[in-house]
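Observations on the three-dimensional arrangement
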Amino acid sequence: MMSVLVWSLVLLVNLNLGVNGLRTHNGSSAATRPAFVNVGAIFTFDSTIGKVAKVAIQQAVKDVNENSSLLPGTMLRMDMRSSNCSGFLGMVGALQFMETDTVAIVGPQSSVVAHIISHVVNELQVPLLSFAATDPTLSNLQFPYFVRATQSDLYQMTAVAEIVDYHGWREVIAIFIDDDYGRNGVLALDDTLAAKRCRISNKVGIPPGSEYGRSEIMDALVKIALMEARVIVLHVYPDMGFLVFSVARYLGMMGDGYVWIATDWLSSYLDSSLPYPSDKMENMQGVVALRQHTPDSLKKRELVSKWRKLTRGSFGLNSYGLYAYDTVWMIAHALEAFFNQGGVVSFSNDSRLSSGGLEDLHLDALNIFDDGKRLLDNIWGSDFVGLTGHIKFGADRNLVNPAYDIINIIGTGFRTVGYWSNKSGLSTSTPEDLQVNRSRTNQELHSIIWPGEIVTKPRGWVFPNNGKVLKIAVPLRVSYKEFVSQLPGSNMSKGFCIDVFVAAVNLLPYAVPYQFVPYGNGKENPNYTELVNWIAAGVYDGAVGDIVITTNRTRTVDFTQPYAASGLVVVAPFKKMNTGAWAFLRPFSPTLWAVTAAFFLVVGTVVWILEHRINDDFRGSPKSQIITILWFSFSTLFFAHRENTASTLGRIVLLMWLFVVLIINSSYTASLTSILTVQQLSSPIKGIDTLKKSNDRIGYQVGSFAERYLVDEVGIHESRLVPLGTPDAYADALLKGSKNGGVAAIVDERPYIELFLSNQCKFRVVGREFTKSGWGFAFPRDSPLAVDLSTAILSLSENGDLQRIHDKWLIRSGCSTDNSEIESDRLHLKSFWGLFLICGIVCFIAIFIYFYQVFRRFRGATAESEGSKSRRLQTLISIIDEKKDPKDRDKKRQKVEENEIRHDSELG
């Protein structure tokens, strides 16, 4: 009989049953509503979820049948059968339902059984509504008649991933039951963690069944204890989960440093247990678990108040019981809409099942629900408020508004530390009370008491206890060995970078087993970009050395906080400049000299125009007036001008000009003093811009990132670049020069150059540092060691140890570097253009006012007499050139004085 049933299932899955040639079963074609409708339910009665669901479904059927506004004249008749978590028994039950004109099936609770039954209901067109099958791969695309009436594990695993990301952990270990429910849930977790740049470092599958006992669990947990990650996600069934916790406590894995996150299997068990089992609670202290969130409502409270009476206090109500209750109401609402649309409950079978040699299988008893598609569409269109919240399906055929409570097991119970919802993420407010959209800044949870009764967040990882030693690559340099070098005849290394790394590791609160591995051939400096790529590929666990932090490198590895500042500079030969006979011209650039001379003439001319009509000092023959302009303007340089200014405008212009002369004179004096008393250095190269415009050859250090930077960023052709390996090669190339096979300048990082210049007195840094960067230790992406070492480096900087290590290795006596940067000592126009601008504006305003007054007189003179254009021009010139009578000014002054005397007498 068993083989016959299995063959029946295979045949049903592979046959493409149609509706052509169907015959009506039981002949029900009446338009009236039937007196009753058969609904089946199949799940495991004696399981944690099943025992709660059975009572909830019975109560839901009773409430629906007592509701006069829903399905009037029609009763729901529920037939429940137990599958005992067996896919075979679940399939048998589904086939038996097909013989009793069942319009819908509630269940199963198991994702494994749901996969099997979904093949049957797809062919027989009967909706299958599961209140507990959370496997994300149970897709409506593959199984059109499968309806998930609960939340998908896709959302639960998203919540787990966000908890992991919120606490800054990057790796987790997943322990799961090795069936469809466990495997597919962990696959969803893997995807959601990857979206957060996290990952599952190890997956431990537990075979379903009783043959996997305590000793096997202990072996698996011992292996986990030797691993690096300390965040463990447990996605199993209750019995196996409690066994894992018991063994973990025995092995000391429920103590300080561990993080345990359980999926909703744990909360479902606790909610249905009255009271909480003390022996199990002792094994789970500090565990974080998830529970499907159901908002508080009057209907929910009414069912909770009835529950103790319904169960005689033997077990509690969990979230899956609420979803089972709502599933029955979902079917009832769909049937109501189905009948309102004229739907008829009728069944047919395929004549092909009773022919072609299949007569002995009696498959003609299996019926197809003729209008099953219409009922299914009405189920998808559900839109009502149930005990679990808003019952409505989204575009992805999952219930809308997925949310979970986050609970923390502590003492003899648990407390809610936060919530997760698909819209707002993590929060301390319930999803229905929180209307803000998700953002990284508003993610929060209450404080959690972790295993070991600690409140500080566990680090989430340790160095594994399996004997693994970190392979730390150390560049095998042939130059500048003060930074990093290998001790002859050993694998030990020394240098500035090594001492910083060792000092930082010593500050870590845990031991770091590591081994330095030389990188390079020892004949030339290694390529640091290739070294970074080897770290990203997993060949090395990290690298310690003078490694520059660049944008491209940060895309593949993680760096620590910079422990040394760096940046590219230009080094070139220089020569000492003698003062010479023309040293007095050097303080000003040619442009500044020209502009200053021009302003002397402009100001002299402006003052002459303003004073010509009223001041005898500015009158005379044209020759004498030109001499006066030149003399007056240039004599102001020494404040030795003899001519007095009589007009107000002239005095304003002269006052502004004398201020400009004062500033220029002081600046010239200071600059000339510096030129004559301080040793001046000169180089034809002023910085990177000079090199870019020239065709000279440029040197760089072998293995440095400077080569690619000069080519890609600065735009210098690669043929102009010359690789140099040692400080001696630097000096020889610079002394030869670009035209003699050497280089005109060298571009390298400042730490190397400072060490180079400490004993090379013929070269100097020219221009300014044109990049800003730093040196750091490199580790693989998302390495927690990079974060902890960054904190240690900051501590070294704050307590002064970093500077002491620097002074130990890099301070050298020799050439003074006080004046190492060669800058132009000339003053340029850009330093004074503001003064010249103000002076020019004052001159313009004064000239404008003067000519305004002249043209007013000209208009008055031409209004009294008419004449030719030449006559009018002569009048204008005469007005400009005529001398103003001083008596006019005296009369005005006398009139003002008389008015003042009259005003004083009136007051007296």
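Refer to the structure above for everything that follows.
Residues numbered from 1 in each chain as written. Predicted model: local features only at pLDDT ≥ 70, side-chain atom pairs only at ≥ 80, totals over all residues. Heavy atoms only, no water.

Observations regarding the pattern of salt bridges
Scanning all chains against the criterion turns up 24 salt bridges. The partner of Arg477 in a salt bridge is Asp546, and the shortest N-O contact between them spans 2.9 Å. One end of the pair, Arg477, is in the loop between strand E19 (470-475) and strand E20 (485-486); the other, Asp546, is in the loop between strand E23 (542-543) and helix H16 (551-554), and 69 residues separate them in sequence. Accessibility expressed as a relative area gives 5% for Arg477, which makes it buried. A residue is classified by how much of its surface remains accessible, and Asp546, at 1% relative accessible area, is buried. Sharing partners across several salt bridges, the network here consists of Asp165, Arg170, Arg197 and Asp782. (Salt bridge = Lys/Arg side-chain N within 4 Å of Asp/Glu carboxyl O. Helix = DSSP H or I, 4+ residues; strand = E, 2+ residues; numbered from the N terminus. Buried < 20%, exposed > 50% of the residue type's maximum accessible area, 1.4 Å probe, protein only.)

Quick word on unusual backbone geometry
Here the amide bond leading from Gly107 into Pro108 is cis, since omega sits at -5°, within 30 degrees of zero. Its place among the elements puts Pro108 in the loop between strand E4 (102-106) and helix H4 (111-124). At Leu71, a position not held by glycine, the phi torsion is positive, near 55°. For Leu71, the location among the structural elements is in the loop between helix H2 (48-66) and strand E3 (75-82). Look at Asp782: it is not a glycine, yet its phi comes out positive at around 65°. Accessibility expressed as a relative area gives 22% for Asp782, which makes it partly exposed.

Here we look at the sheet that holds strand E5 (residues 128-130)
Sheet architecture is open: 5 strands sit in the order E3-E2-E4-E5-E6, paired in parallel fashion. Two strands lie at the open edges of the sheet, namely E3 and strand E6 (146-148), each paired on one side alone. Averaged over neighbouring strand pairs, the angle between their axes works out to 25° when direction is ignored. Both strand E2 (residues 36-43) and E4 contribute to a ladder of 4 bridges, which runs parallel. When the sheet's bridge partners are listed, Gly40 is paired in E4 with Ile105. Of the strands in this sheet, E2, E3 and E4 are in contact with H2, which crosses E3 at around 170°. Of the strands in this sheet, E2, E4, E5 and E6 touch H4, which is tilted by about 155° from E5. (Pairing = 2+ DSSP bridges. Axes fitted to C-alpha atoms, helices over the stretch in contact; angles between N-to-C directions. Contact = heavy atoms within 4.5 Å.)

What about a nonpolar patch on the surface?
Side chains of Trp833, Leu837, Ile841, Phe844, Ile845, Phe848 and Ile849 sit close together on the surface and give an oily, nonpolar patch of about 750 Å² of accessible area. Note that Leu837 resides in helix H26 (residues 833-864). The class for Leu837 is partly exposed, based on a relative accessible area of 45%. (Patch = residues over 30% accessible without salt bridge, like charges linked within 9 Å, V, L, I, M, F, W, Y side chains within 5 Å. Areas by Shrake-Rupley, 256 points an atom, 1.4 Å probe, with all protein chains shown as cover.)

What to know about the nonpolar core
Within the largest apolar cluster, 77 residues are counted, with the highest numbers of intra-cluster contacts made by Leu76, Val103, Phe131 and Leu335. The element contributing the most residues to this core is helix H12 (residues 319-340), with 14 residues. Setting aside residues up to four positions removed in sequence, Leu335 forms contacts with Val37, Leu71, Leu76, Val103 and Leu375. Grouped together as the second largest cluster of nonpolar side chains are 73 residues, Cys497, Ile716, Leu755 and Val766 included. (Core = buried A, V, L, I, M, F, W, Y, C linked by side-chain atoms within 4.5 Å.)

Digging into the packing of aromatic side chains
Here the structure, examined in full by the defined rule, presents 35 aromatic pairs. Note on Phe463 and Tyr510: the rings are 5.7 Å apart at their centroids and 45° apart in plane angle, and the pair reads as tilted. Residue Phe463 is found in the loop between strand E18 (425-427) and E19, and its partner Tyr510 is found in the loop between helix H14 (496-506) and strand E22 (514-519); the two are separated by 47 residues along the sequence. On the basis of relative accessibility, which here comes to 12%, the residue Phe463 falls in the buried class. Ring pairs connect the aromatic residues Tyr480, Phe483, Tyr730, Tyr752, Phe756, Phe763 and Trp775, which therefore count as one cluster. Taking NZ or CZ as reference, Lys280 lies 5.3 Å from the ring centre of Phe242, over its face. (Phe/Tyr/Trp six-rings, centres within 6.5 Å; stacked < 30°, edge-to-face > 60°. Lys NZ or Arg CZ within 6 Å of the ring centre and 35° of its normal.)

Points about the side chain of Thr150
On the secondary structure map, Thr150 appears in the loop between E6 and helix H5 (153-166). Here Thr150 falls in the buried class, since its relative accessible area comes to 0%. At 3.1 Å, the side chain of Thr150 and the side chain of Gln292 are in polar contact. Discounting chain neighbours no more than four positions away, the residues touching Thr150 are Ser130, Phe131, Ala132, Ala133, Thr134, Gln292, Tyr320, Tyr323 and Leu399. (Polar contact = N/O pair within 3.5 Å; in protein donor to acceptor, adjacent residues only side chain to side chain.)

A short note on the sheet that holds strand E16 (residues 403-410)
Here 8 strands make up an open sheet; going across it, the order is E8-E7-E9-E10-E11-E16-E17-E18 and the pairing mixed. Each edge of the open sheet carries a strand with a single partner, namely strand E8 (199-206) and E18. In this sheet, adjacent strand axes meet at a mean angle of 25° when their direction is disregarded. Pairing analysis gives 7 bridges linking strand E7 (residues 171-177) to E8, with the strands arranged parallel. What sits directly across from Ile175, in E8, is Val204.

Focus: the pairing of strand E11 (residues 288-292)
Burial within E11 is extensive, with 5 of its 5 residues counted as buried. Covered by surrounding structure in E11 are Val288, Leu290 and Gln292 together with Ala289 and Arg291, the residues of both alternating faces. Relative to E11, strand E10 (residues 259-262) runs parallel, the two being bridged by 2 bridges. Across the sheet, residue Ala262 finds its bridge partner in E11, namely Ala289.

As for the packing of helix H7 (residues 214-225) against helix H8 (residues 238-250)
One can describe the packing of H7 onto H8 by two numbers: an axis separation of 10 Å at closest approach and a directional angle of 60°. With respect to their mutual orientation, H7 and H8 come out oblique. Note on packing geometry: the crossing formed by H7 with H8 is right-handed. Along the contact surface, H7 presents Arg214, Ile217, Met218 and Leu221, while H8 presents Met240, Leu243, Val244, Ser246, Val247, Ala248 and Tyr250. Looking at the contact of H7 with H8, its residues break down into 9 nonpolar, 1 polar and 1 charged. (Parallel < 35°, antiparallel > 145°, perpendicular 65-115°, else oblique. Left-handed = near helix turned anticlockwise from the far one by under 90°. Nonpolar A, V, L, I, M, F, W, Y, C, P; charged D, E, K, R; others polar.)

Regarding the environment of Glu228
As for its position among the elements, Glu228 is in the loop between H7 and strand E9 (231-235). The partly exposed category is assigned to Glu228, whose relative accessible area is 27%. Each residue touching Glu228, except ones within four places of it in the same chain, is listed here: Glu171, Gly460, Trp461, Val462, Pro464 and Pro784.

Some points on helix H25 (residues 801-810)
When H25 is considered as a whole, its buried residues turn out to be Leu802, Ile805, Trp809 and Leu810. For H25, the angular spread of the buried residues around the axis is 95°, confining them to a single face. Residues of H25 that are exposed and angled more than 90 degrees away from the buried face: Arg804 and Lys808. Here the buried face of H25 lies against strand E21 (493-494), H14, helix H23 (750-757) and helix H24 (784-799). (Arc of directions from axis to C-beta.)

Structural notes on the packing of H5 against helix H6 (residues 180-195)
Where H5 contacts H6, the axes come no closer than 8 Å and their chain directions differ by 45°. The angle between the axes of H5 and H6 places the two elements in the oblique class. Considering only the axes of H5 and H6, their crossing is right-handed. Residue-level inspection shows Asp153, Leu154, Met157, Thr158, Val160, Ala161 and Val164 of H5 in contact with H6, the latter providing Tyr181, Gly185, Ala188, Leu189, Thr192 and Leu193.

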